[in-house]
Amino acid sequence: MGNFSLNLQDDSALKKVLETGEYDKELAEIALEIRRHYYGDAVYMRGLIEFSSYCRCNCYYCGLRRDNTGLERYRLTREEILACCQEGWELGFRTFVLQSGEDPQFTDAIMAEIVAAIHERFPDCAVTLSIGERSKESYRKFFQVGARRYLLRHEAASTELYAKLHPATMSCAHRRQCLFDLKELGYQVGAGFMVGAPFQTTENIIEDLRFMQTLKPDMIGIGPFIHQSSTPLATCANGSVELTLRLISIMRILFPYALIPATTALGTIRPGGRELGLKAGANVVMPNLSPVRVRGQYAIYDDKLSTGLEAAQGLEALRQSVAACGFRLVSDRGDVAKH
Ligand code: SAM
Ligand code: SF4
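Everything numeric here is computed off the predicted structure, so don't read it as measured data. Every chain's residues receive numbers from 1 upward, in the order its sequence appears when written. Written order determines the labels here, with chains lettered from A and ligands numbered from 1. Under the rules for a predicted model, residues below a pLDDT of 70 receive no local features and side-chain atom pairs below 80 are neither given nor counted, while totals for whole chains, interfaces and linings still include all residues. Only hydrogens and water are removed before side-chain values are computed, so all heavy atoms of the structure are retained for them.

Trainee: Before we move on, could you go through the overall build of the chain and cite the residues and values that matter?
Mentor: Strands are runs of DSSP state E lasting at least 2 residues, helices are runs of H or I lasting at least 4, and numbering of each runs from the N terminus. Assigned secondary structure in the chain consists of 13 helices and nine strands. The principal-axis extents of the C-alpha atoms in the chain amount to approximately 55 × 45 × 35 Å. Looking at the chain as a whole, 59% of its 339 residues are labelled buried. Residues are treated as being in contact if the distance between any of their heavy atoms lies within 4.5 Å. The long-range share in the chain, meaning contacts at least 24 apart out of those at least 6 apart in sequence, stands at 75%. Accessible area of the chain: about 13,700 Å², with a carbon and sulfur share of 53%. For the purpose of charge, His is not counted, nor are the chain termini; Lys and Arg are scored as positive and Asp and Glu as negative. By convention, the charge on Lys lies at NZ, on Arg at CZ, on Asp at CG and on Glu at CD. Each charge sign in the chain was given a centre, from 39 positive and 40 negative side chains, and these centres are 2 Å apart. Partly exposed describes any residue whose relative accessible area lies between the buried limit of under 20% and the exposed limit of over 50%, with all areas from a 1.4 Å probe on protein chains only and scaled to the type maximum. We get accessible surface area from the Shrake-Rupley algorithm with a probe of 1.4 Å; when it comes to residues, only the shown protein chains can shield them.

In structure tokens, the structure reads:
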């Protein structure tokens, strides 16, 4: 662990690390040493299928929010989703991430049917869901038909910050409950938050880290906040790349076993941002397998990075950039290391 002398379990030391760039190089070195110990040079790829941009929620930061009436919405059919998986499977993807807004038209029965179909057709692949808050019973149904991973960023562990980013109909406590329910059911669970979200303080981030230490997530999704011009937070500043990278290294140190993506948001606000994420300790990339024609409509934030390339071409470019960072893109389910 080199000569790093600060104890990240201590809040005041952690605050110092978060607020100054002083330790960044050292943090990244330690993070890389740890990721090599657990995962070697492997970078896992997840095929992201953004299957619906409809959402019943109204999170203040997100372009898919219900009240964004200017957004042209889309839904993929079951057949279109399966076609994305087929294309991904042929390219070597062994994990599919089905993500959407909270779309009531994708009822539990329909979702379960889609998960079952993917599981049956691609038995060597992991199915990850990222479809927001549902009941424990719903999560159980999806697990029974083959879903094994679930991404649900907790967004903010601080009740006060959570309330500034969401309408009163949504609660921090319910989001946390969903995460614990998912864990209890046996899912590999992903939590996380936006770095530099409006109103977020260093203390809030420390609270996020401490909450995650109690949850012990298998996957950690953090990316910079990026404003979206049709949301109530349109004029807020974007999150910082430097702080995001620092946090990726801190996450790797606090959660050595975790699967941590270098997110699209990081690649959006800084060219080469995803590669910087890998060098800071991330070990997952999530290329988009959605049909090119709908990608622009999944407008979570402004100028969302999209190569416009078909999956195959995009993947080749990604393989090369991952290799240029000294890592290896692997075709593997990439389950979480034992912890
Ligand atoms: N609806 C599901 C949910 O909220 O969990 C999944 C889709 S949602 C678009 C996925 C993630 O996008 C959210 O967890 C949020 O952290 C992130 N996101 C939304 N708006 C964002 C923004 N303006 N900047 C960066 N990330 C954003
Ligand atoms: Fe909907 Fe998720 Fe966006 Fe919130 S973050 S508005 S739940 S898509």
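Structure shown, so let's carry the discussion forward.
Trainee: Tell me about the site of ligand 2, and name the residues and values.
Mentor: Around ligand 2 sit C55, C57, C59, Y61, C62, L64, R65 and G101, and those are all the residues in its vicinity. Here the residues of the shell around ligand 2 sort into six nonpolar, one polar and one charged. The nearness test applies per residue and asks whether one of its heavy atoms lies within 4 Å of the molecule or strand. Charged means Asp, Glu, Lys or Arg here, nonpolar means Ala, Val, Leu, Ile, Met, Phe, Trp, Tyr, Cys or Pro, and polar covers whatever is left, Gly included.

Trainee: Please provide a residue-by-residue account of the pairing of strand 5 (residues 147-151), values included.
Mentor: Whether two strands pair comes down to DSSP finding at least two bridges between them. Alignment of strand 4 (residues 126-130) against strand 5, held across three bridges, turns out to be parallel. Residue pairing in the sheet places L129 in a bridge with Y150 of strand 5. Consider the strands pointing away from the viewer: the crossover is right-handed when the path from the first strand over the helix to the second runs clockwise. Running through helix 5 (residues 136-144), the crossover from strand 4 to the neighbouring parallel element strand 5 is right-handed. In this sheet, strand 6 (residues 188-195) lies alongside strand 5 in parallel orientation, the contact comprising three bridges. Looking at strand 6, one finds that Y150 is bridged to V189.

Trainee: Let's hear about the site of ligand 1: which residues, and what values?
Mentor: Taken together, 17 residues lie around ligand 1, and R153, E155, R175, I226 and I300 are the ones closest in. Within the contact set of ligand 1, an oxygen atom lies 2.5 Å away from a side-chain nitrogen or oxygen of E155. Definition of a polar contact: a pair of N or O atoms within 3.5 Å, with one able to donate and the other able to accept a hydrogen when the atoms are protein atoms, and with sequence-neighbouring residues admitted only if both atoms are side-chain atoms. Separating a nitrogen atom of ligand 1 from a backbone N or O atom of I226 is a distance of 2.7 Å. Here ligand 1 has 550 Å² of accessible area as a free molecule, and 92% of this is covered by the chains. Partitioning the shell around ligand 1 into residue classes produces nine nonpolar, five polar and three charged.

Trainee: Mind laying out the packing of aromatic side chains, listing which residues take part and the relevant values?
Mentor: Any two of the Phe, Tyr and Trp rings considered here, Trp counted by its six-membered ring, make a pair once their centres fall within 6.5 Å; the pair's planes then place it as stacked at under 30 degrees, edge-to-face at over 60, or tilted in between. Under the defined criterion, the tally for this structure stands at seven aromatic pairs. For the pair F96 and F122, a centre-to-centre distance of 5.7 Å together with 70° between the ring planes defines the contact as edge-to-face. Of this pair, F96 sits in strand 3 (residues 95-100) while F122 is found in the loop between helix 4 (108-121) and strand 4, placing the two residues 26 residues apart along the sequence. You'll find F96 and F122 in the same group, each marked buried. With a centroid separation of 5.1 Å and an interplanar angle of 65°, the aromatic rings of F143 and Y187 are classed as edge-to-face.

So yeah, pure geometry; function would need other evidence.
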